[in-house]
Amino acid sequence: MDALINKRIKQVLKGDQSAFSDIVSHYQHSLYQVCYRMLGNKQEAEDIAQEAFVRAYMNLHTFDQKRKFSTWLYRIATNLCIDRLRKKKPDYYLDAEVAGTEGLNMYSQIATDAPLPEEELEKMELQERVQYEISRMPEKYRVVVVLKYIEELSLQEISEVLEMPLGTVKTRLHRGREALRKQLNSL
């Protein structure tokens, strides 16, 4: 797959703008997922993913084709997410009660396609709790945990995406796991 992506990159650099649409098609879902996991907001994740593709296109001439394109693209998106998180303070929480209701929180406003059985509901609540706890983690741990466990990147790829030593990635991943374990044990 990397060979195909590199071929498309060469085509774009030669002036074939339509070749970039293949690159976007290949990475759009995974890039959106990274952004969503970091930001926790669908619209912001879509905006940041789109901005990451625009920046990648505009700066494609600076990409070193000896490296993985996905690492470079994830780095752009991660930086944009971090910038957004620094600029934005949370304006609401899903655990906050909806005004004018008794006991309803923002989770109750999330639409579902079909009613879920009790087991699926418990699984969903656990996933939401894990996502919530991940979102509460310090940014430096959250980024590493999301890239490792949600996006399933290798430690080396995370090191390249975040431009930090492998040892630092391992340390942050360990500390992030411990923090998450401690938060989830308090359930």
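Residues numbered from 1 in each chain as written. Predicted model: local features only at pLDDT ≥ 70, side-chain atom pairs only at ≥ 80, totals over all residues. Heavy atoms only, no water.

Trainee: Quick one: what's the story with the overall build of the protein, residue by residue and with numbers?
Mentor: A count of helices and strands for the protein gives eight helices and zero strands. Put simply, the protein runs from its N terminus to its C terminus through helices and strands in the order α-α-α-α-α-α-α-α. Across the 187 residues of the protein, 35% fall into the buried class. When contacts within the protein are restricted to residue pairs at least 6 apart in sequence, those whose partners lie at least 24 apart make up 59%. Of the roughly 11900 Å² of accessible surface on the protein, 49% is carried by carbon and sulfur atoms. (Helix = DSSP H or I, 4+ residues; strand = E, 2+ residues; numbered from the N terminus. Buried < 20%, exposed > 50% of the residue type's maximum accessible area, 1.4 Å probe, protein only. Contact = heavy atoms within 4.5 Å. Areas by Shrake-Rupley, 256 points an atom, 1.4 Å probe, with all protein chains shown as cover.)

Trainee: Give me the lowdown on the packing of aromatic side chains, citing residues and values where you can.
Mentor: What the rule picks out here adds up to six aromatic pairs. Measuring from ring centre to ring centre gives 5.1 Å for Phe20 and Tyr57, while their planes differ by 65 degrees; the resulting arrangement is edge-to-face. Highlighted residues: Phe20 in helix α2 (residues 19–39) and Tyr57 in helix α3 (residues 42–58), separated in sequence by 37 residues. Residue class for Phe20 comes out buried when judged on its relative accessible area of 8%. Measuring from ring centre to ring centre gives 5.6 Å for Tyr27 and Phe69, while their planes differ by 50 degrees; the resulting arrangement is tilted. With Tyr27 in helix α2 and Phe69 in helix α4 (residues 69–87), the pair connects residues that are 42 residues apart, well separated along the chain. Taken individually, Tyr27 and Phe69 each receive the classification buried, so the pair is uniform in this respect. Here the aromatic cluster, defined as three or more aromatic residues joined through ring pairs, consists of Tyr27, Phe63, Phe69 and Trp72. (Phe/Tyr/Trp six-rings, centres within 6.5 Å; stacked < 30°, edge-to-face > 60°.)

Trainee: Give a detailed account of helix α8 (residues 166–185), specifying residues and quantitative values.
Mentor: Taking 1.5 Å of rise per residue, the 20 residues of α8 would be expected to cover 28 Å, and the 28 Å separating its terminal C-alpha atoms lies within 8% of that figure. Taken together, the buried positions of α8 are occupied by Val169, Leu173, Gly176, Leu180 and Gln183. Angularly, the buried residues of α8 cover 95 degrees about the axis, an arc narrow enough to put them on a single face. In α8, the exposed positions that point more than 90 degrees away from the buried face belong to Lys182 and Asn185. (Expected span 1.5 Å × (residues − 1). Arc of directions from axis to C-beta.)

Trainee: Summarise a negative patch on the surface; cite the residues concerned and give the values.
Mentor: A contiguous patch of negative charge, built from Glu118, Glu119, Glu120, Glu122 and Glu125, is present on the exposed surface. Within the secondary structure layout, Glu122 lies in helix α5 (residues 118–136). Take Glu122: its relative accessible area is 47%, and that puts it in the partly exposed class. (Patch = residues over 30% accessible without salt bridge, like charges linked within 9 Å, V, L, I, M, F, W, Y side chains within 5 Å. Salt bridge = Lys/Arg side-chain N within 4 Å of Asp/Glu carboxyl O. Lys, Arg positive; Asp, Glu negative; His and termini not counted. Charge placed at Lys NZ, Arg CZ, Asp CG, Glu CD.)

Trainee: Quick one: what's the story with the pattern of salt bridges, residue by residue and with numbers?
Mentor: By the definition in use, this model includes nine salt bridges. The residue Arg129 makes a salt bridge to Glu133 at a minimum N-O spacing of 2.7 Å. Placement of the pair is Arg129 and Glu133 together in helix α5, with a separation of four residues, close to one helical turn. By relative accessible area, Glu133 is classed as buried at 1%. Across the pair Arg181 and Glu178 runs a salt bridge, and its minimum N-O distance is 2.5 Å. You can see Arg181 and its partner Glu178 sitting in helix α8, three residues apart, about one turn around the helix. Among the charged side chains, a network of salt bridges with common partners joins Arg129, Glu133 and Arg136.

Trainee: Would you mind going over the environment of Arg142 in detail, with residue names and values included?
Mentor: Residue position: Arg142 is located in helix α6 (residues 139–150). Put simply, Arg142 and Met38 are 104 residues apart on the chain and 7.6 Å apart in space, counted from C-alpha to C-alpha. Once residues within four sequence positions are removed from consideration, Arg142 is found in contact with Met38, Leu85, Ile134, Ser135 and Met137.

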